[in-house]
Amino acid sequence: MQWQRTLIHTGFLLLLGSGVSYLHYLLRGSEKVQKVGLSLFVLGTVSSAFAFILRYVEYATLYPGAMVIGPCETLLLLSFSVSLFTLVGILATKIRLLPLVAAPLIGILTVSAAFTLRVEATPRENLIGSFPIVHILSGILSYSAFFLLFTVSVIYLVVERELKRKHLGPILERVPSLRDLSRTQSLFLGLGFLFLTLLILLGAVQVWKVQQPRVFPDPKILFALATWLVYGILLGLRLKTRLLGHRMAVAAIWASLLIVLTFLSELPWNGWHNFLRRRPPREESLSNRDVSNPKGGRNF
Amino acid sequence: MDVVITGINHKTAPVDLRERLAFRREEVPDFLCSLTALPGISEGVVLSTCNRTEIYCAAENPPPSPCQGGPGGDFHRERIVSLLAKTKQVPAEEFADRLYAYRLPESIRHLFRVASSLDSMVLGEAQVLGQVKEAYRLAEATGTVGKILSGAFQQAFSAAKRVRSETRIGENPVSVSSVAIRLAEKVLGDLRGRTILIVGAGKIGALTARAIVSKGAERILVVNRNKSRAENLARELSAEVYPFDRLSEALGETDVVISCTEAPQPVLRREDLESVMKARHHGPLFVIDLAVPRDVEPASAEIDDLYLYDMDALEQVADEHTELRRGEIDRCEEIISQEVKGCLGWMDRLESEPLIRELTEQWDRVCREELEKALENLPSLGPEERKEVELLASRITRRLRHVPLQAIKQSPGKTEDETIKEYLRRLLLGNGE
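Predicted, not measured: the structure shown is a model, and the values here were computed from it.

## Concerning the overall build of chain A
Phase 1: A tally of helices and strands in chain A yields nine helices and two strands.
Phase 2: Listed N to C, the secondary structure of chain A is α-α-β-α-α-β-α-α-α-α-α in terms of helices and strands.
Phase 3: Per-residue burial over chain A gives 40% buried out of 300 residues.
Phase 4: Within chain A, contacts between residues at least 6 apart in sequence are counted, and of these 84% link residues at least 24 apart.

Here is the structure:
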């Protein structure tokens, strides 16, 4: 626990440093500071990733084969996947300012993970095997990509507004061109849709395996399907070059509302599908549990 | 040794005089040879651009007589003026009072400011550094650059590099065409492979189109009511001509529109552009309206994904950029001061070198002679012991000369310190006999 906390705090501080460096770069334009910012960003990402690995190894030792994922792990995974996509975005589109917008969010996710370190995840006996973790991971990757799509779309609208106002100040000098932002939108839209499709397919396989009858009233599934449909339409229009520029940015921002609704819809069930909800008796909580028999629950 | 600069620039002389004193590349080597043939001048570089003609010399310090006129006063000025007048066939009295002359340390500061573009007409322009480098290379090829000017110019290049990398002096474009290009790049990214449409056959449109083509734009379309004028311009720019009634079609194929007709009414109306944008599925369109009265209805700027800039807007951005560059001057001057200090220190060390070498050689010679005598008197010493004695002698010499050599190296070394150095020379070496 101590190591995990140290790594999370280190990651947070590194990301904070990265954000400050990028802000300095944006205002003053020093290339050296930008490189320092990028290095801090990478180190912060690695630090958070190690914290997650330590956490997961601990659970894997306690509950071999069981699916154990709680708020801390989810937050760490989210922060890691946003970092990962940010780095992919930098490599693919050369938009060097992406960490400036990503670092604060990742920092918040990381520090929230630190606060939830003591919240111990309970194993889900009905989620055994590698399918559920890949399913969850796909979801996290997909929503991270959509978050970055949202961010890039906001930047697009800001840059567009400044260009329309005929301002080309020193800050605008360092932000990417509208074309580069547009290409980045396509990248994150494609990645997000890919992982969302994977999420839905894996979920469908899992549901079919467990022959769960109460799937369709589940709001999480309904919102996921709606999100898939909307982003699929956006991607289709984009690929046919029928949705470009300002309209694409606005559509992407509105579509991100669906992601927010998906998250809100799962709040009553602590992030799980309603048909998977399980209220473990108090004596079964992790601290009191007989770890020698971790799979003592009901299996589907 | 001194570094002397004599010249005229856009601040001191009108363009007609600058033209008459400007050097063509092929004229420079002969002039440099004549310059370095003058007594007391050992090195020379000529920098000749559209805004300045400057002659850089490494010259011996003048005798202690009153300096002759001009800013900074310069013993060599009159001889350089005569040579310049003779070479360029311009009477000296026509430009003598417009010349400036600098000696150390102002000359080094001036060189660094010129290379860093702080003395340019367009503050922060990038071309002048290339011109200074070219002037230096030409002088080097002619063989008129020695240790002093070589060191000074190399340090000027590194100062200019520092100024450009550590400040924002060169960041924001300040000419209307470069502003237009930068804005187009902000919208469209890389301009390579893009299509430009010129509406009208004005010269200004052609000039702006050329500037965009220099950034890699591939296809140029020309639309004009007068077909023959359109064809003339198209020939000049290797462009395609579209008839005026196919303007909408041309707009659908283009990324950048440059409009410069003489029409009294707008040529591109909002409704037309709206339908064009719809047909393009709102692919971004960058429109530069250089016409007065304007060719594009101003309300068109409200259309999504259409970026409209007229002459006033471009000039406004250029003015803002000039102000931003001016805001960087203090920081640039600070860097220049640091670099000038470093360069002057290097020159001082360069001045001390002959004395240091002389002292070192004499003391080493004395050491060697005394060592040989001593070893002759001690024939019984074995090889190990002989080596030890040699090392001892060498160590003593090094330690004894350390303090005076350090004092010489650390002395500021210019003008008044020459007396100190001469005193040290006499003290340590005798009268030179």
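Structure shown, so let's carry the discussion forward.
## Details of the overall build of chain B
Phase 1: On a plain count of helices and strands, chain B comes out with 16 helices and ten strands.
Phase 2: Each of the 433 residues in chain B was classed as buried or not, and the buried ones make up 40%.
Phase 3: In chain B, of all internal contacts separated by at least 6 residues, the share reaching a separation of at least 24 is 71%.

## Focus: the interface of chain A and chain B
Phase 1: With 18 residues of chain A in contact, the opposing surface of chain B contributes 23 residues.
Phase 2: Those elements that place two or more of their residues in the side of chain A that touches chain B are α5 (131-164), α6 (170-174), α7 (178-210) and α9 (245-266) of chain A.
Phase 3: Across the side of chain A that touches chain B, the residue classes break down as six nonpolar, five polar and seven charged.

## Remarks on the sheet that holds strand β2 (residues 41-48) of chain B
Within a beta sheet, neighbouring strands are joined by backbone hydrogen bonds and run either parallel or antiparallel to one another.
Residue and element names in this part refer to chain B.
Phase 1: Strand order in the open sheet made by the four strands is β2-β3-β1-β4, with antiparallel pairing throughout. Single-partner strands in this sheet number two, and they are β2 and β4 (100-102). Averaged over all pairs of adjacent strands, the angle between strand axes in this sheet comes to 15°, irrespective of strand direction.
Phase 2: Of the strand pairs in this sheet, strand β1 (residues 2-9) and β4 are connected by three bridges, and their pairing is antiparallel. Residue pairing across strands places Thr-6 opposite Ala-101, the latter belonging to β4.
Phase 3: Packed onto the sheet, helix α5 (residues 106-115) meets β1, β3 (52-59) and β4 and runs at close to 50° relative to β1.

## Observations regarding the sheet that holds strand β9 (residues 285-289) of chain B
Residues and elements named next belong to chain B.
Phase 1: Strand order in the open sheet made by the six strands is β7-β6-β5-β8-β9-β10, with parallel pairing throughout. With one partner strand each, in any of the chains shown, β7 (240-242) and β10 (306-310) form the two edges of the open sheet. When strand polarity is set aside, the average angle formed by the axes of neighbouring strands in this sheet is 20°.
Phase 2: In this sheet, strand β8 (residues 256-259) lies alongside strand β5 (residues 195-199) in parallel orientation, the contact comprising four bridges. In the strand pairing of β8, Ile-196 is matched with Val-256.
Phase 3: Where helix α10 (residues 227-237) meets the sheet, it contacts β6 (219-223) and β7, and its direction lies at approximately 165° from that of β6.

## Description of the nonpolar core
Phase 1: In this structure, B:Ala184 and B:Val222 are the most contacted members of the largest nonpolar core, which totals 121 residues.
Phase 2: Top contributing element to this core by residue count: α5(A), with 15 residues.
Phase 3: If we skip the residues at most four places from it in the chain, B:Ala184 touches B:Leu191, B:Ile212, B:Val256 and B:Phe286.
Phase 4: Grouped together as the second largest cluster of nonpolar side chains are 59 residues, B:Val28, B:Tyr56, B:Ala101 and B:Ala156 included.

## Here's the deal with the pairing of β1(B)
Remark: a regular strand shows side chains that alternate across the two faces of the sheet.
Residues and elements named next belong to chain B.
Phase 1: Among the eight residues that make up β1, seven are buried, leaving the element largely enclosed by the rest of the structure.
Phase 2: Note that β1 and β3 share eight bridges and pair antiparallel. From the neighbouring strand, Asn-9 faces β3, where its bridge partner is Arg-52.

## Considering helix α6 (residues 127-142) of chain B
An α-helix turns once every 3.6 residues. As a result, residues three or four positions apart point the same way.
All names here are of chain B.
Phase 1: Given a rise of 1.5 Å per residue, 16 residues ought to cover 22 Å, and the 23 Å separating the end C-alpha atoms of α6 matches this to within 8%.
Phase 2: Regarding α6, the residues found buried are Val-128, Leu-129, Val-132, Ala-135, Tyr-136, Leu-138 and Ala-139.
Phase 3: Those residues of α6 hidden inside the fold are in contact with α2 (28-37), β2, α5 and α7 (147-166).
Phase 4: Of the residues one or two after α6, Gly-143 is the one with positive phi, at around 85°.

## Things to note about unusual backbone geometry
Residues and elements named next belong to chain B.
Phase 1: Cis geometry marks the peptide bond from Leu-104 to Pro-105, where omega comes out at 0°.
Phase 2: Tracing the sequence through the fold places Pro-105 in the loop between β4 and α5.
Phase 3: The phi dihedral of Ser-117 is positive, around 70°, even though this residue is not glycine.
Phase 4: If you trace the backbone, Ser-117 turns up in the loop between α5 and α6.
Phase 5: Positive phi, normally seen in glycine, also occurs at His-281, with a value near 55°.
Phase 6: Within the secondary structure, His-281 is located in the loop between α12 (270-279) and β9.

Calculation criteria
Residues numbered from 1 in each chain as written. Chains lettered and ligands numbered in written order. Predicted model: local features only at pLDDT ≥ 70, side-chain atom pairs only at ≥ 80, totals over all residues. Helix = DSSP H or I, 4+ residues; strand = E, 2+ residues; numbered from the N terminus. Buried ≥ 20, exposed ≤ 12 C-beta atoms within 10 Å, placed from the backbone. Contact = placed C-beta atoms within 7 Å. Nonpolar A, V, L, I, M, F, W, Y, C, P; charged D, E, K, R; others polar. Pairing = 2+ DSSP bridges. Axes fitted to C-alpha atoms, helices over the stretch in contact; angles between N-to-C directions. Core = buried A, V, L, I, M, F, W, Y, C linked by C-beta atoms within 7 Å. Expected span 1.5 Å × (residues − 1).

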